[in-house]
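# Observations on the model geometry
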Amino acid sequence: MSIFQIHYKSEQPNLTVCESQMDEFLSICNGKLKYQKGYVFRLDNLGELPVDETIDIIPYFYSGGILVSEPLYLKLEGVLNDSGQWFECKYIRRSYYYFHTTVLLDAIDYDASGCKFIDGYIVSIDPIVFKNMDYSSINLFKVPRKEDGKPIWFFATKSFKNTVEKFGVSNLNFVTAKI
């Protein structure tokens, strides 16, 4: 079993939707909330940052999913459908697609992991010991925080890593999971 965290190689400026904005972002993308002149979320309203159009994945858009270029979206669309849902976003004149991971697994064996606590809350986990589960049909997933069950940590499986490498995506590193 190999579980990874995604790290980005690029120094690309970050387009960031923080956790407190996520519900609004998803409501706009789902067409439940109108945003300016339509229902497609416009990333350029987050700031006029230059985007390197040669990269496939925009770094650090949101920790619970990935923001990808249209060509990579077309490759990953069918691969990730069991792990969440896709939303179209616009940035200036280009379409990007945000993959929102909805798979939530209680996958960390907290008793066997190296958990460090402050005031009863986990502040780090190193090493992370994952439960012995069948991860073969999962690509991306979130893990709930032990204290309150909130889905907070985001991980990728070996199958996702292999898929991304097969497509030649060069903006990602897959590293050993730690919090």
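The structure under discussion appears in the preceding block.
Residues numbered from 1 in each chain as written. Predicted model: local features only at pLDDT ≥ 70, side-chain atom pairs only at ≥ 80, totals over all residues. Heavy atoms only, no water.

Turning next to the overall build of the protein chain. A count of helical and extended segments in the protein chain gives three helices and 11 strands. In the protein chain, the succession of helices and strands from N to C terminus is β-α-β-β-β-α-β-β-β-β-β-β-α-β. Within the protein chain, buried positions represent 46% of all 179 residues. Across the protein chain, the fraction of contacts at a sequence separation of at least 24, relative to all contacts at a separation of at least 6, is 63%. Element-wise, carbon and sulfur atoms account for 47% of the exposed surface of the protein chain, whose accessible area totals about 9,500 Å². (Helix = DSSP H or I, 4+ residues; strand = E, 2+ residues; numbered from the N terminus. Buried < 20%, exposed > 50% of the residue type's maximum accessible area, 1.4 Å probe, protein only. Contact = heavy atoms within 4.5 Å. Areas by Shrake-Rupley, 256 points an atom, 1.4 Å probe, with all protein chains shown as cover.)

Attention now goes to the pattern of salt bridges. Per the counting criterion, the structure on display carries two salt bridges. Here Lys-131 and Asp-106 are joined by a salt bridge, their closest N and O atoms 3.2 Å apart. Residue Lys-131 is located in the loop between β8 (121-125) and β9 (140-144), and its partner Asp-106 is located in the loop between β6 (94-101) and β7 (115-118); the two are separated by 25 residues in the primary sequence. Of the residues examined, Lys-131 reaches a relative accessible area of 29% and is grouped as partly exposed. Under the relative-accessibility criterion, Asp-106 is labelled partly exposed at 43%. The closest approach of N and O atoms between Glu-165 and Lys-161, which form a salt bridge, is 2.9 Å. Of this pair, Glu-165 and Lys-161 both sit in helix α3 (residues 158-166), four residues apart, roughly one helical turn. (Salt bridge = Lys/Arg side-chain N within 4 Å of Asp/Glu carboxyl O.)

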